[in-house]
Amino acid sequence: MRKVLPTFGLLLLLASAVPASAQDGPHRVLVLHSFRGNLPVNADWEKGIARGFTSASELQVEIDVEAPDLSRIQDADYASNLLDVYRRKYQHRDSKPHLIIPTYTLALNFLLDHGEDLFPGVPIVFLGADARYVAARKLAPHVTGITSRPDIGGTLKLALHVHPDAQRVAVIVGSGGIGRLFKRDARQQLQPHEGRVEFVWLEGLPLDELTDAVKKLPSRTVILYLVALEDRTGKRLVPVSHLPELSAAANAPIYGLWDTLLASGIIGGSLVTLEEDGFQAAQMGVRILKGEAPAAVPIIDKAENSAIFHAKELARWDIDASRLPAGSRILHRELSLWDRYRTEVIIALLVIGLQGLLILALLLNRARLKRTQAALQAEQDRRTLAEIDSRKSGIRLARFSRQRSLGTMATTVAHEISQPLISIQNYAQAARRRVQGGGDQAPKLDELLGKIEHQAGRAGDTIQRIRALVSTDSAVLRPVSLNSLLEQVMQMMRPDFETRNCVIQFSPAADLPEVLADELQIQLVIVNLLQNAVQSMEAAKDQAERVASIETRQVNDQEVQIGVADRGSGISTNAAKEIFEPLYSEKSGGMGMGLAVCRAIIEAHGGRIWYTPNPSGGAIFRFTLRPTTA
């Protein structure tokens, strides 16, 4: 039968790319138990052995386990039959072990008596063999291992140290060969304590009787559990199975000899550490499999066992750790929440702390943001009020600038109004003569009155446009002949140019379409640009430099462009970015509203206005209007 060793069984294969020695294939290790296979003592040894070989990852190891139950069947016929089985099972070269690990004394004795017949020359590393037996036998050079001492006397001494007021000791031991062996050893080891305490022997009792007996033990008693594998009726017992029931019923703490019983109800003792011994034996086996001679791997004689206690049983019997001997080990402690989840708690606290700091930082940032938003809102409110005041001031200044500009346009305004007034006067005189001449003059009078009405409307329209220009920014867009409009402005401005010794040149584009414009407002823009040109050229000494030019051209279907150029002093680079802003002026006494008003008028017409330096010196101002065909 085979099992996988990680589940405490029969086969362990530890893979490696390259074997440590010249061995072909895995190293085969045979574990030979003294007890039957299902006992926990075997499982603990196997766990230690598996862990020991696993630590040597460079080796390939295959482990077979045999459990012939030598502790129960010890007659010669059984041994003879067992030898026949093993000869047949391991006769082939591929099945012969390279190392044998016998557990406990009986398996070692079997190998020492029959091993040379079965496995000649195969190294042996024994485990858990009685130290007295090993000392009494003369071992061959290929035999080494770890001795074991079930420390009955040491365990009682430990119990009396913890319970100094104890008056009696109840000793539990089973029947059969193992029971008799342990009872004999116990009487020898307990003899020094005769007279100090009373010994009560609970030997070979069936489980129900034993349970009843431990219930009725008097006070100031401690229980010493040796081993009980069989009761007096021949029934087989498993310590880890019946010890919990005994422990629950007992009115005194139970001390034992092996650490495998700690979780089954014993409080502690001077304990044999089965899994640790199995690990050490496997480590010795690793050295041999790697090439060391068994004689070079000395026997480990466990002269003393460790004082080991179970934390839960200490708490049950209200025994404080200060009562234990120095150096005692306490296993299976109930971990506090802090001990159990220390790492998680620390991480959680760090996360919570970091989150708290982050939240605090966010709250501080939020408060700072609110203050900043409040300050920005206050600043925005101030800016809004300032912009409102600025717009109101700009409107008032623009109106004032237009009013000043109208002074320059007085001739044009007078001409615009005088023509309909003169016509009205002439038509009125003609109508009077018709009336004085008598006769039927009704049709002619009706015609003259219609002309008078038309001319009066024309004068009224002119007055309304002047009023709108002075008081508002609105523009009334009508189809206008741009070249004709510019001719009128040039005639109006020519006297002023001649007075200042300046010349106006006009280059009209042929076939220029009409544009949508408020005639009076566009005249105001041209007047402003020409006035600026005249003023910038006054300082020029050369007469040839005092020339202002106007040109028109159609850019595309959407724009007609007008340009006004001069050869005056020009505009500085820094000023060029601000000349269209209200209240900006480079002229002494200037109000800085002329170009701002021009931009407002052109933008109201859906056009744009801009400045570029004149390559010949001076400035060029251009603006666009929409053609009627757009």
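Keep in mind it's a predicted model, so treat the numbers as computed, not measured.

*Asks:* Could you give an account of the packing of aromatic side chains, naming the residues involved and the relevant values?
*Replies:* A complete count under the given rule lists 7 aromatic pairs for this structure. One aromatic cluster is present, built from ring pairs that chain together Tyr86, Tyr90, Phe110 and Phe119. The ring of Trp201 has Lys183 lying over it, and the distance from NZ or CZ to the ring centre is 5.7 Å. Lying across the ring of Trp201, Arg187 places its NZ or CZ 4.6 Å from the centre.

*Asks:* Describe the environment of Leu202, listing the residues and the values that go with them.
*Replies:* Along the chain, Leu202 turns up in strand 7 (residues 198-203). In the structure, Leu202 is positioned 23 residues away from Tyr225 in sequence and 9.6 Å away in space, judged by C-alpha atoms. Sequence-distant contacts of Leu202, defined by excluding residues within four places in its chain, comprise Ala170, Val171, Ile172, Val173, Leu210, Ala213 and Val214.

*Asks:* Would you mind going over the environment of Leu477 in detail, with residue names and values included?
*Replies:* Relative to the helices and strands, Leu477 is located in the loop between helix 14 (442-471) and strand 13 (478-480). Judged by relative accessible area, which is 31%, Leu477 ranks as partly exposed. Considering only alpha carbons, one finds Leu477 and Leu516, 39 residues apart in sequence, at a separation of 5.3 Å. For Leu477, the contacting residues outside a window of four places in its chain are Leu516, Ala517, Asp518, His605 and Arg626.

*Asks:* Outline the sheet that holds strand 14 (residues 503-507), supporting the account with residue identities and numerical values.
*Replies:* Taken together, 5 strands build an open sheet; the order of strands is 14-16-17-19-18 and the sheet is mixed. Of all the strands in the sheet, the pair left with one neighbour each is strand 14 and strand 18 (609-613). Averaged over neighbouring strand pairs, the angle between their axes works out to 20° when direction is ignored. Pairing analysis gives 5 bridges linking strand 18 to strand 19 (residues 619-625), with the strands arranged antiparallel. When the bridges of strand 19 are listed, Pro613 appears paired with Ala619. Across the sheet, helix 15 (residues 482-499) lies against strand 14, strand 16 (547-554), strand 17 (560-565) and strand 19, angled at about 170° from strand 14, the strand it touches most.

Conventions we followed
Residues numbered from 1 in each chain as written. Predicted model: local features only at pLDDT ≥ 70, side-chain atom pairs only at ≥ 80, totals over all residues. Heavy atoms only, no water. Phe/Tyr/Trp six-rings, centres within 6.5 Å; stacked < 30°, edge-to-face > 60°. Lys NZ or Arg CZ within 6 Å of the ring centre and 35° of its normal. Helix = DSSP H or I, 4+ residues; strand = E, 2+ residues; numbered from the N terminus. Contact = heavy atoms within 4.5 Å. Buried < 20%, exposed > 50% of the residue type's maximum accessible area, 1.4 Å probe, protein only. Pairing = 2+ DSSP bridges. Axes fitted to C-alpha atoms, helices over the stretch in contact; angles between N-to-C directions.

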